[in-house]
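Letter by letter, the chains look like this.
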Amino acid sequence: VKRGCPSCSLEAGDEKERRDPISVQLFPPELVEHIVSFLPVKDVVALGQTCHYFHEVCDAEGVWRRICRRLTPRIRDHRAGARPWKRAAILNYTKGLYFQAFGGRRRCLSKSVAPMLAHGYRRFLPTKDHVFILDYVGTLFFLKNALVSSTLGQIQWKRACRYVVLCRGAKDFASDPRCDTVYRKYLYVLATREQPPVVGTTDSRACDCVEVYLQSSGQRVFKMTFHHSMSFKQIVLVGQETQRALLLLTDEGKIYSLIVNETQLDQPRSYTVQLALRKVSRCLPHLRVTCMASNQSSTLYITGKKWGIVPRKWVPKAAELRAPDPPDQGGVYFEVHTPGVYRDLFGTLQAFDPLDHQMPLALALPAKVLFCALGYNHLGLVDEFGRIFMQGNNRYGQLGTGDKMDRGEPTQVRYLQRPIALWCGLNHSLVLSQTSDFNKELLGCGCGAGGRLPGWPKGSASFVKLHIKVPLCACSLCSTRECLYMLSSHDIEQCPVYRDLPAGRVGGSPEPTQGAGAPQDPGGTAQACEEYLSQIHSCPTLQDRMAKMKEIVGWMPLMAAQRDFFWEALDMLQKTPSGSGPGTSTPES
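Computed from a prediction, not measured in an experiment: that's the story for all the values here. Per chain, residues are indexed from 1 in the order of the written sequence. Local features in this predicted model are restricted to residues of pLDDT 70 or higher, and side-chain atom pairs are both shown and tallied only at a pLDDT of 80 or more, whereas totals for entire chains, interfaces and linings draw on every residue. The basis for every side-chain value is the complete set of heavy atoms in the structure, and neither hydrogens nor water enter the calculation.

Q: Just checking my understanding: could you explain the overall build of the protein for this structure?
A: Under the DSSP-based scheme used, a helix requires at least four consecutive residues in state H or I and a strand at least two consecutive residues in state E, with every element numbered from the N terminus. When you go through the protein residue by residue, the secondary structure sums to 11 helices and 30 strands. The classification of residues rests on relative accessible area computed with a 1.4 Å probe and restricted to protein chains. Under 20% of the type maximum is buried, over 50% is exposed, and intermediate values are partly exposed. Residues counted as buried form 46% of the 589 residues belonging to the protein. Any two residues whose heavy atoms approach within 4.5 Å are treated as being in contact. Contacts spanning at least 24 positions in sequence make up 51% of the contacts within the protein whose residues lie at least 6 apart. Surface exposure of the protein reaches about 31,100 Å², of which carbon and sulfur atoms provide 56%. Working definition of accessibility: Shrake-Rupley area with a 1.4 Å probe, residue cover restricted to the visible protein chains.

Q: Looking at this structure, how should I read the packing of helix 2 (residues 29-36) against helix 5 (residues 61-71)?
A: Two numbers describe a pair of packed helices, the interaxial angle and the distance between the axes. In this analysis, axes come from line fits to C-alpha atoms, helices being fitted only over the stretch in contact, and the angle between any two N-to-C directions falls in the range 0 to 180 degrees. One can describe the packing of helix 2 onto helix 5 by two numbers: an axis separation of 9 Å at closest approach and a directional angle of 35°. Here helix 2 runs over helix 5; the crossing is right-handed. On helix 5, the residues touching E33, H34 and V36 of helix 2 are G62, V63 and R66. Across the contact of helix 2 with helix 5, the residue classes tally to 2 nonpolar, 2 polar and 2 charged. Crossings are assigned a handedness: left-handed for a near helix turned anticlockwise from the far helix by less than a right angle, right-handed for a clockwise turn. Residue polarity follows a fixed list, in which Ala, Val, Leu, Ile, Met, Phe, Trp, Tyr, Cys and Pro are nonpolar, Asp, Glu, Lys and Arg are charged, and the others, Gly among them, are polar.

Q: Would you mind showing me how to read the packing of aromatic side chains here?
A: Given two aromatic rings, their pairing is described by the distance between the two centres and the angle made by the two planes. Any two rings among Phe, Tyr and Trp, with Trp reduced to its six-membered ring, count as a pair given centres within 6.5 Å; such a pair is stacked if its planes are under 30 degrees apart, edge-to-face if over 60, and tilted if neither. As enumerated under the stated definition, the model contains 11 aromatic pairs in all. Centroid distance F141 to Y163: 6.3 Å. Interplanar angle 65°. Geometry classified as edge-to-face. A residue pair is termed long-range when its members are at least 10 positions apart, and F141 in strand 5 (residues 140-149) and Y163 in strand 6 (residues 155-167) qualify at 22 residues. A centroid spacing of 4.8 Å and a plane angle of 40° characterise the contact between Y342 and F346, whose relative ring orientation is tilted. In this pair, Y342 and F346 both sit in helix 8 (residues 339-346), 4 residues apart, roughly one turn of the helix. We classify Y342 as buried; its relative accessible area is 6%.

Q: Any chance you could explain a nonpolar patch on the surface here in plain terms?
A: Together, I22, V24, L26, F27, L31 and I35 line one region of the surface with nonpolar side chains, adding up to about 490 Å² of accessible area. Structurally, I35 can be placed in helix 2. The patches reported here contain residues having more than 30% relative accessible area and no salt bridge. Joining distances are 9 Å for like charges and 5 Å for nonpolar side chains (Val, Leu, Ile, Met, Phe, Trp, Tyr). Salt bridge criterion: a side-chain nitrogen from Lys or Arg within 4 Å of a carboxyl oxygen from Asp or Glu.

Q: So what exactly am I meant to see when it comes to the environment of N295 here?
A: Mapped onto the elements of the fold, N295 is located in the loop between strand 15 (289-294) and strand 16 (298-303). When its relative accessible area of 4% is taken as the criterion, N295 is described as buried. Residue contacts for N295: discarding those within four places in its chain leaves P177, L237, V238, G239, L374, G375 and Y376. Within the structure, N295 has its side chain in polar contact with the side chain of S298 (distance 2.6 Å). As used in this structure description, the phrase polar contact means that two N or O atoms lie within 3.5 Å; if the pair is within protein, one of them must be able to donate a hydrogen and the other to accept it, and residues adjacent in sequence are counted only when both atoms belong to side chains. Separated by 2.5 Å, the side chain of N295 and the backbone oxygen of G375 make a polar contact.

Q: Just to check I follow, could you spell out the pattern of salt bridges for this structure?
A: It is possible for side chains of opposite charge to pair when their charged atoms get near one another. The final tally for this structure, using the stated rule, is 19 salt bridges. The salt bridge partner of R123 is D172, with a shortest N-O separation of 2.5 Å. Here D172 lies in strand 7 (residues 170-174) and R123 lies in strand 3 (residues 123-126), a separation of 49 residues in the sequence. Since its relative accessible area comes to 27%, R123 is described here as partly exposed. As a salt-bridge pair, E241 and R178 come within 2.6 Å of each other at their nearest N and O atoms. Here E241 is found in the loop between strand 11 (232-238) and strand 12 (244-250), whereas its partner R178 is found in the loop between strand 7 and strand 8 (186-195), with 63 residues between them in sequence. Overall, the relative accessible area of 15% leaves R178 in the buried class. Taken together, the shared-partner salt bridges connect D176, R178, E241, R244 and E262 into one network.

Q: What is the right way to read the sheet that holds strand 7 from this model?
A: Strands belonging to one sheet form pairs held by backbone hydrogen bonds; the direction of such a pair is parallel or antiparallel. What the 4 strands build is an open sheet, ordered 7-8-9-10; its pairing is antiparallel. The open sheet is flanked by strand 7 and strand 10 (220-225), the only strands paired with a single partner. Pairwise comparison of adjacent strand axes, ignoring direction, gives a mean angle of 25° for this sheet. Paired strands are those between which DSSP finds at least two bridges.

Q: How should helix 6 (residues 84-94) be read in this particular structure?
A: For the α-helix, the turn length of 3.6 residues means that residues three or four positions removed from each other point alike. For helix 6, the tally of buried residues reaches 10 of 11 residues, placing the bulk of the element in the interior. Every buried residue of helix 6 is listed here: P84, W85, K86, R87, A88, A89, I90, L91, N92 and T94. On its buried face, helix 6 sits against helix 5, strand 1 (96-101) and strand 30 (483-488).

Q: Would you take a moment to explain the packing of helix 5 against helix 6 for this structure?
A: Where helix 5 meets helix 6, the closest approach of the two axes is 8 Å, and the angle between their N-to-C directions is 35°. Regarding helix 5 and helix 6, the two cross each other, and that crossing is left-handed. Together, E61, W64, R65, I67, C68, R69 and L71 of helix 5 and P84, W85, K86, A88, A89, I90 and Y93 of helix 6 make up the contact between the two elements. Residue classes in the contact of helix 5 with helix 6 are distributed as 10 nonpolar, no polar and 4 charged.

Q: In this structure, what is going on with the nonpolar core? I would like to understand it.
A: What tends to happen in soluble globular proteins is that the nonpolar side chains get buried as a cluster. The term nonpolar core refers to a set of buried residues drawn from Ala, Val, Leu, Ile, Met, Phe, Trp, Tyr and Cys, joined through side-chain atoms within 4.5 Å. In this structure, L97, F124, L416, L430, L442, F463 and L477 are the most contacted members of the largest nonpolar core, which totals 49 residues. Counting residues per element, this core draws most heavily on strand 30, at 5 residues. Aside from chain neighbours lying at most four places away, what touches F463 is L399, G400, V413, Y415, L416, S429, L430, V431, L443, G444, C445 and W555.

Below, the structure written as structure tokens:
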């Protein structure tokens, strides 16, 4: 670009430069896109937020194609979509598996090895010795623990530091549903395999199958193949090792089951298993199940929530309209197989039938459920408005309701909304949420023994902020006896699914408000503050009141900087001589 006239004097050239500044828009768009593609991903996103011109440049598929090839040069199959190159680049830029061990001297967040061939991370599962990760193109990776040499020349045991490809074409995988990874001996992989042509034909067919691998070595010990007309998308396990039930969810929303004896899987023999339709699909044929969750003695089903679109040609002079949801969409159905778990979940044995464990039980909820988490004897549900409902045993405060009273029906946790992920374990629960400044934080409640609630060794009956650094793009989590895992991945095609709560139902109450002119209290803030004050007043000593105030600060929807400020201020007040009175002081003092 010519910046001045060479025949003019220097002063005249300078004046012309000041009058006619050079704009980046004069450069060819291909050149600007090529220059921008050399920036880091976070700088490309930041540059696209400066002005309309750079937004269009940084959002071009040509830029993201170059970035994707630079980040993952070996990946060629990035699948189709509205923005395939941008989605692929961000998936591979944000992928990561982070973990923090509960024991030992070093308690900090670490990152596992990142397989170069992985196209993003879709889900993961820790087992007794290793970790398995599934990417977005169906490749299942086997992350091994191993002895490695440190920078000081010392040999140390390190988690997830080696990786191999276990199999390809995988759709889903599962293992023993108990929280303790000691029981996870086998890994069941739902995959698609090409079968050789039948005699008399030349065309091969793709059939779904379940392959069983040893988690310790990755060796395949068993395989069962289904008819080509059966197509599945999810697998879960339920029951004991000798009567292990495999539940398979089809693309049409039907559930099939088969029984396997795990103690005989390592014996080299061939036998036939019977695939039968589950009772929930036989008794309720009109329901379309979209996802399942299970533990050793119970199974939870969520029916489909699908928006219908009214075609434009049937609505003249109007935009596309959303059709109403069919009845029973977004509902929850339960199977409980043991009386002890049934009593913990529902508080009674009145409707329990010991002769029919597969009879589905419907849970009454005020709205459609999007996802759930199932522990040993408690569960968590998240509805379409982002509200969290907990139910079951509350001996350790794992429901997060502020007390230790069992709940026989779904009870809303009012101070938490719109979680990213929810996890229920043996006797504690975890919630991954996003703050108002777009940072992530991890909240937990229940038993804190063994370090499972970092920063709260005595546990908590309410959800409190855990002392752990959460990755910016964390999307799911899992906790074992030894370690806490967090999966980082961002998919631009998964937009927020929560809806705004109608004005008449703000605060979670389905009853209409009394008085037409009564002022609204969004989120039930006043009621929550009154409850907090009553909890502080019930504390017998000043020290207990300070500790309760710290918990309440962790519950309140504050920004991260504000929450840290209040915690630091409370610590300073507690350490001063005037604020650290004897433990026997009364509230009046």
